[in-house]
Amino acid sequence: MASAIEESWSKTHTIAFIVFSLSTTVEAYIYSISYLATGWVITPRYLTALLMIWPPLWLLIGGVIAGPLSDALGRRRTLYLTLLMYIAGAVGLMISQGYVMLLVFLSLLLLATGGEYNTVMTAAHEYFPSRLRSRLVFLILNFTNLGGVLAASLTLLNVNPMMQRAALGATLIIIAPLLYVLRRMIPESTLWLEAVGKVNEINNMANSNTSNSPYEYAVRIRLPPTWLRIMVGGLIGWAYTAGFSLLALTLGPYFLPSLTNWLILVFSIVALASGVIIGLFADSVSRKVMLATSSLGLTLITLILALTTNIWMRNLGVFWGLFAVFSILINAYFLTEDTLKSEYWRVIRRGTYTALVRVISLGGSIPVLFASAYIPMKLYLLVDSIILGVGAAASIIWYIVGVETGKGISVRIWGVA
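Residues numbered from 1 in each chain as written. Predicted model: local features only at pLDDT ≥ 70, side-chain atom pairs only at ≥ 80, totals over all residues. Heavy atoms only, no water.

This next bit is on the overall build of the protein. When its secondary structure is counted, the protein shows 18 helices and zero strands. Since a compact globule built from 417 residues should have a radius of gyration of about 22 Å, the 21 Å found for the protein is in line with a globular shape. With the principal axes as the frame, the protein shows a C-alpha extent of 60 × 45 × 30 Å. Buried residues in the protein amount to 60% of all 417 residues. For the protein, long-range pairs separated by at least 24 residues make up 87% of all intrachain contacts whose partners lie at least 6 apart in sequence. (Helix = DSSP H or I, 4+ residues; strand = E, 2+ residues; numbered from the N terminus. Rg over C-alpha atoms; globule rule 2.2 N^0.38 Å. Buried < 20%, exposed > 50% of the residue type's maximum accessible area, 1.4 Å probe, protein only. Contact = heavy atoms within 4.5 Å.)

Tallying each qualifying case throughout the model produces 22 aromatic pairs. Ring centres 6.2 Å apart and planes at 80° place the aromatic pair Phe17 and Phe143 in the edge-to-face group. Here Phe17 is found in helix α2 (residues 11–36), whereas its partner Phe143 is found in helix α7 (residues 130–157), with 126 residues between them in sequence. Judged by relative accessible area, Phe143 falls into the partly exposed class, the value being 27%. Aromatic side chains Tyr344 and Trp398 sit 5.1 Å apart centroid to centroid with 55° between the ring planes, which places their arrangement in the tilted category. (Phe/Tyr/Trp six-rings, centres within 6.5 Å; stacked < 30°, edge-to-face > 60°.)

With that out of the way, let us pick up the pattern of salt bridges. Within this structure, the stated rule accounts for ten salt bridges. The partner of Arg75 in a salt bridge is Glu126, and the shortest N-O contact between them spans 2.8 Å. Placement of the pair is Arg75 in helix α4 (residues 75–80) and Glu126 in the loop between α6 (99–123) and α7, with a sequence separation of 51 residues. There is no split in this pair, since Arg75 and Glu126 are both buried. Linked by salt bridges that have partners in common, Asp71, Arg75, Glu126 and Arg350 make up one network. (Salt bridge = Lys/Arg side-chain N within 4 Å of Asp/Glu carboxyl O.)

In this structure, Phe20 and Ile330 are the most contacted members of the largest nonpolar core, which totals 125 residues. If one sorts the elements of this core by residue count, helix α11 (residues 226–249) sits on top with 13 residues. (Core = buried A, V, L, I, M, F, W, Y, C linked by side-chain atoms within 4.5 Å.)

Of note in this structure, Lys407 is not a glycine but carries a positive phi near 60°. Position of Lys407 relative to the elements: it lies in the segment after α18 (377–401).

To continue, consider α18. The first and last C-alpha atoms of α18 sit 36 Å apart over 25 residues, in line with the 36 Å expected at 1.5 Å per residue. If you check which residues of α18 are buried, you get Met377, Tyr380, Leu381, Asp384, Ser385, Ile387, Leu388, Gly391, Ala392, Ala394, Ser395 and Trp398. Contacts made by the buried residues of α18 are with α11, α12 (251–255), α14 (287–307), α15 (309–314), α16 (316–343) and α17 (350–371). (Expected span 1.5 Å × (residues − 1).)

This paragraph deals with the environment of Leu316. Tracing the chain through its elements places Leu316 in helix α16. The spatial distance from the C-alpha of Leu316 to the C-alpha of Met101 is 36 Å, given a sequence separation of 215 residues.

A separate point is empty space enclosed by the protein. A complete count under the given rule lists one cavity of 30 Å³ or more for this structure. Estimates place the volume of the largest cavity at around 360 Å³. Contributing to the lining of the largest cavity are 25 residues, with Glu27, Tyr31, Tyr240, Phe244 and Phe334 lying nearest its centre. When residues of the lining of the largest cavity are assigned to their parent elements, the largest contribution, six residues, is made by α11. (1 Å grid on protein atoms, 1.4 Å probe; cavity = no way out; pocket = protein on both sides within 12 Å on 5 of 7 lines; lining within 4 Å. Points joined across faces, edges and corners; volume = space filled by probe spheres on them.)

Our focus in this paragraph is the packing of helix α5 (residues 83–95) against helix α8 (residues 161–183). Running from N to C, α5 and α8 point in directions that differ by 170°, and their axes come no closer than 8 Å. Accordingly, the angle class assigned to the pair α5 and α8 is roughly antiparallel. Remark: the crossing between α5 and α8 carries left-handed chirality. Residues Leu83, Tyr86, Ile87, Ala90, Val91, Leu93 and Met94 of α5 lie in contact with α8, whose contacting residues are Arg165, Ala166, Leu168, Gly169, Ala170, Leu172, Ile173, Ala176, Leu179, Tyr180 and Arg183. Taken together, the residues of the contact of α5 with α8 sort by class into 15 nonpolar, one polar and two charged. (Axes fitted to C-alpha atoms, helices over the stretch in contact; angles between N-to-C directions. Parallel < 35°, antiparallel > 145°, perpendicular 65-115°, else oblique. Left-handed = near helix turned anticlockwise from the far one by under 90°. Nonpolar A, V, L, I, M, F, W, Y, C, P; charged D, E, K, R; others polar.)

Bringing the side chain of Asp338 into the picture now. Within the secondary structure, Asp338 sits in helix α16. In this structure Asp338 touches Tyr117, Met121 and Leu141, once residues within four positions along its chain are discounted.

Bringing the packing of α16 against α17 into the picture now. Axis separation between α16 and α17 bottoms out at 8 Å; the angle between their running directions is 135°. What the angle tells us is that α16 and α17 run oblique. Between α16, through Lys341, Ser342 and Glu343, and α17, the contact on the second element is made entirely by Arg350, Thr354, Val357, Arg358 and Ser361. Residues that form the contact of α16 with α17 fall into these classes: one nonpolar, three polar and four charged.

Turning to a nonpolar patch on the surface, a few remarks are in order. Nonpolar side chains collect at one region of the surface, where Trp227, Met231, Val289, Leu296, Ile396, Ile397, Tyr399, Ile400 and Val401 lie side by side and expose about 830 Å² of accessible area between them. Among the elements of the structure, α11, α14 and α18 are those that each provide at least two residues to the nonpolar patch. Looking at the nonpolar patch element by element, the count peaks at five residues for α18. With respect to the helices and strands, the residue Leu296 is situated in helix α14. The class for Leu296 is partly exposed, based on a relative accessible area of 45%. (Patch = residues over 30% accessible without salt bridge, like charges linked within 9 Å, V, L, I, M, F, W, Y side chains within 5 Å. Areas by Shrake-Rupley, 256 points an atom, 1.4 Å probe, with all protein chains shown as cover.)

On to the environment of Val383, then. Among the structural elements, Val383 can be located in helix α18. Along the chain, Val383 and Gly351 lie 32 residues apart, while their C-alpha atoms are 31 Å from each other.

Take a look at the structure:
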């Protein structure tokens, strides 16, 4: 039975939700810039392909650094490390001239947000009551779509590339101090403090209500072995990263340059709206069922897109209709897989293992995104459906042998230490 602490809601919970939501917004905002920037420089196809793999590469590196740090230093302290990098990267983005400088300052921004996003994925499961945890984590992750809306909108509102860079950079410079102020208002995760044995600090935070009660669950469940969780987390994450990127992010630069900004904007708006609805029901829906159904639906819709290429190339209205369905399904899949692969770890290693499965998913997408620049569009879309099919297979494996982690279940029931 949940304790009084578990059932209560405090101002600290509200601030934590705002902090994490702003962080995921910034992550997608920065991630989108590399794809929007394809209109700023004229490059041969292999350099365009390099720009396409820049985001997953540097997000991967950021996660590798931040994951172990968040386990060793704490969730709150790790979040402070990225703010100065945001400002430096944003200023550099605004003054960058040419392809090389663009890559350098984008790498700084992506490194920062890659580390921060890994920490948010890790911490979000530890700050909220179990009865609301799934709903709030889904809604926090859904704010990534707001970041895509903001980045694409600023680019479409400013035709001149120099003005686009100025608008994108200035927005980050304005947001960074706000993030600093808000982060000072949240305490450390009590689950992390408990896991590392800092009992005195837990007692001092007794009234903060930032996580589940230490005495909430006496029963423990046994998770599948670590290797299976790593495999499933890596495969479902890889299917999302590669599958989403091929259709929403790189299809424009590779095949439909005039639609690049619109693809990101339309996807982000549709996904954002659908994600709010999905998130509100996240606590009452099985994580395993949502993962399996969304991944199977994605495999089907991308296969339809591949087989009807000649039809929708003549009538883009057909494409936008199919693309909207894809946006809803991929967002449901994203919210579920990102939540799952960051929640089913013990607290003391959650940051590190979350980073590990992200290395697999982000790193595995890099050769796919690079090589896909050199194949015809129909084959390109068939490859996308195959990739998402791999995600569906991994989702079905988890449905069969995995345990339920949604529906109001506390992360405590598979242990703290």
